[in-house]
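# Geometric and topological summary
Below are the chains, spelled out letter by letter.
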Amino acid sequence: MIKSTRYHFSNILLGQFINYRGALRRRQPKRVLYLAVPLTIYKTFFQLDFPKEMIAENQVKMLIYDVEQEVIFQWRN
């Protein structure tokens, strides 16, 4: 299960985010893109070494939100 999740994160989600961010920079360089992540996923998956390293290495900004309360929990730059 964790291998499948890691694959999905690195090859699909992160790759798609990086591609979209690159395209957005070409069209609207002043806009900032954030990866929206549910709080429960942030507290579990994003605390693992590999996701943390990839987020840092690729300088991904994150918006962490609480699904239950429907509020933004944290903006991470």
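Note that this is a predicted model, so its numbers are computed, not measured. (Residues numbered from 1 in each chain as written. Predicted model: local features only at pLDDT ≥ 70, side-chain atom pairs only at ≥ 80, totals over all residues. Heavy atoms only, no water.)

## Some points on the packing of aromatic side chains
Per the stated rule, a full pass over the model turns up three aromatic pairs. Pairing Tyr-34 with Trp-75 gives two aromatic rings, centres 5.0 Å apart and planes at 85 degrees, and the pair type is edge-to-face. Within this pair, whereas Tyr-34 is found in strand S1 (residues 34–38), its partner Trp-75 is found in strand S3 (residues 71–76), the two being separated by 41 residues in sequence. The exposure class assigned to Tyr-34 is partly exposed, which follows from its relative accessible area of 26%. On the basis of an interplanar angle of 85 degrees and a centroid distance of 5.4 Å, the ring pair of Phe-45 and Phe-46 is categorised as edge-to-face. Across the pair, Phe-46 and Phe-45 agree in class, each one buried. We note Lys-43 situated over the ring of Phe-73; from NZ or CZ to the ring centre the distance is 5.9 Å. (Phe/Tyr/Trp six-rings, centres within 6.5 Å; stacked < 30°, edge-to-face > 60°. Helix = DSSP H or I, 4+ residues; strand = E, 2+ residues; numbered from the N terminus. Buried < 20%, exposed > 50% of the residue type's maximum accessible area, 1.4 Å probe, protein only. Lys NZ or Arg CZ within 6 Å of the ring centre and 35° of its normal.)

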